[in-house]
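Survey of secondary and tertiary structure
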Amino acid sequence: MTHTKKSEKVTIWDVAAAAGVSKSTVSLVLTQSDKVSDKSKQRVLGAIEQLGYIYNREAAALRSKRSNLVALVINDLTDPYTAQLAVELESHIYALGLVPMLVSTNESLERQQQIVNRFKEYNVCAFIMCPAPNTDRKWQEQLIDTGFPVVNIMREVDYCSAPCILPDNKKGAHLATCHLLEQGLRELAFIGSTATTSEHRERLAGFNSALRAHNITHPVPVIAAPANRQGGYDAFEQLMQNAPDTKAVVCFSDVVAYGAIYAMRQRGIAPGKDIKIVGFGDLEDSRLMQPLLSSVRIDSHEIAKRTGQALSELLEQSQPAVRTLVDVSLQLRESSL
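In this report, we go over the structure that sits alongside the text. (Residues numbered from 1 in each chain as written. Predicted model: local features only at pLDDT ≥ 70, side-chain atom pairs only at ≥ 80, totals over all residues. Heavy atoms only, no water.)

In terms of helices and strands, the protein chain carries 12 helices and 12 strands. Dimensions of the protein chain, computed from the C-alpha atoms along their principal axes, are close to 80 × 40 × 30 Å. By the burial criterion, 52% of the 337 residues in the protein chain qualify as buried. Here the contacts in the protein chain between residues at least 6 apart in sequence split such that 70% fall between residues at least 24 apart. (Helix = DSSP H or I, 4+ residues; strand = E, 2+ residues; numbered from the N terminus. Buried < 20%, exposed > 50% of the residue type's maximum accessible area, 1.4 Å probe, protein only. Contact = heavy atoms within 4.5 Å.)

Given below as structure tokens:
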């Protein structure tokens, strides 16, 4: 027989589909149960040979001895949106009868690796991760192959088999940028974050797609900076040095926008009047400040709910969608009207 799917990781679901049986039947054959008919057994064994499926007994044994602890590995708990999402995630994990263990990597790859190694010693039943910048796909695949289910949230590790739950970053930035362009504002800028994360690349892609849709061909400033208030302040200062005629700013996050608004006021610029500004995340504080901040709303409850669903499916050895996009919406307020 010719072998197929050599370039991909063959799953128990692939074997079941090829054999025309249920996943549970394949599991029974793999564990050498006598509850399967000879006919079904031969079909499963034939499919295993055809697909080149390799049964990881070590991983299966590890799964059977799992604890009820879920490692919730977050990138930065000082970020208000991330902290809000972590609280939502804890609630959904408890609802599954599991216990979350929450830690922050502070955006450090080295710390992320140390934390994961420590959690492996506790034999956690799964990892929910907002991956640190430049997380290696092979490292995460190795974690999965040793029997630890992984769900990525907010950021994806390119080409990794772990399911990821993401806001529609590209759509959000596209909507925000179009809103400004439709007011006749052509001198725009994008500020905040760095290209080492998928969320930055996606938001910048949405910004650029809106520019193309409105035939903006002149160079538009894109200023990288840490995704915090100081980063927003510094990025706006740099923007004013490089492009003092800027009329509108799309920010990577609300917190970056807060820093930029402070920098505007320090320069005697009226935010929302002299320069329009839009954030991303729609934090509660954005609805309480002056001017009220326009922002792209990411529903943290929906992100957490979808994450809980993916986790539940993984623990049942089902196969959730590899990439789930959660819709976003543009909330218009004084800062951009």
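The next thing to look at is the nonpolar core. Generally speaking, a soluble globular protein has its nonpolar side chains buried in company with each other. The biggest cluster of nonpolar side chains holds 70 residues, and the ones touching the most others in it are Ile-153, Leu-188, Phe-236 and Ile-277. With eight residues, the single largest contributor to this core is helix 11 (residues 254-266). Those residues in contact with Ile-153 that sit more than four places away from it in its chain are Ile-74, Leu-85, Leu-89, Ile-128, Met-129, Cys-130, Pro-131, Ile-165 and Thr-307. Formed by 17 residues, the second largest nonpolar core is a distinct cluster that contains Ile-115, Met-129, Leu-143 and Phe-148. (Core = buried A, V, L, I, M, F, W, Y, C linked by side-chain atoms within 4.5 Å.)

With that settled, consider unusual backbone geometry. Here the residue pair Gln-290 and Pro-291 is connected by a cis peptide bond, since its omega of -10° sits within 30 degrees of zero. Relative to the assigned elements, Pro-291 resides in the loop between strand 9 (276-281) and strand 10 (294-298). Even without glycine at this site, Met-154 takes up a positive phi of about 70°. Structurally, Met-154 can be placed in the loop between strand 4 (150-153) and strand 5 (164-167). Overall, Met-154 belongs to the buried group, its relative accessible area being 8%. Not every positive phi belongs to a glycine, and Ser-193 is a case in point at roughly 70°. Structurally, Ser-193 can be placed in the loop between strand 6 (188-191) and helix 9 (198-213).

Tallying each qualifying case throughout the model produces 12 salt bridges. Across the pair Arg-267 and Glu-237 runs a salt bridge whose closest N-O atoms are separated by 2.9 Å. One end of the pair, Arg-267, is in the loop between helix 11 and strand 9; the other, Glu-237, is in helix 10 (residues 229-242), with 30 residues separating them in the sequence. Note on Arg-267: relative accessible area 41%, which makes it partly exposed. (Salt bridge = Lys/Arg side-chain N within 4 Å of Asp/Glu carboxyl O.)

Turning our eyes to something else, we now look at the pairing of strand 4. Here strand 4 shows a buried face lined by Val-150 and Asn-152 and a second buried face lined by Val-151 and Ile-153. Once the chain exits strand 3 (residues 126-129) it traverses helix 7 (residues 137-145) before rejoining the sheet at strand 4, and the crossover so formed is right-handed. Bridge count for strand 4 against strand 5 is two bridges, and the pairing is parallel. Within the sheet, the bridge partner assigned to Asn-152 lies in strand 5 and is Cys-164. (Right-handed = clockwise from strand over helix to strand, strands pointing away. Pairing = 2+ DSSP bridges.)

Turning next to the sheet that holds strand 4. If you walk across this open sheet you meet the six strands as 2-1-3-4-5-11, and the pairing is parallel. Strand pairing shows two members of the sheet lacking a second neighbour, strand 2 (99-104) and strand 11 (323-326), which therefore form its edges. For this sheet, the mean angle separating the axes of adjacent strands, direction not counted, is 20°. (Axes fitted to C-alpha atoms, helices over the stretch in contact; angles between N-to-C directions.)

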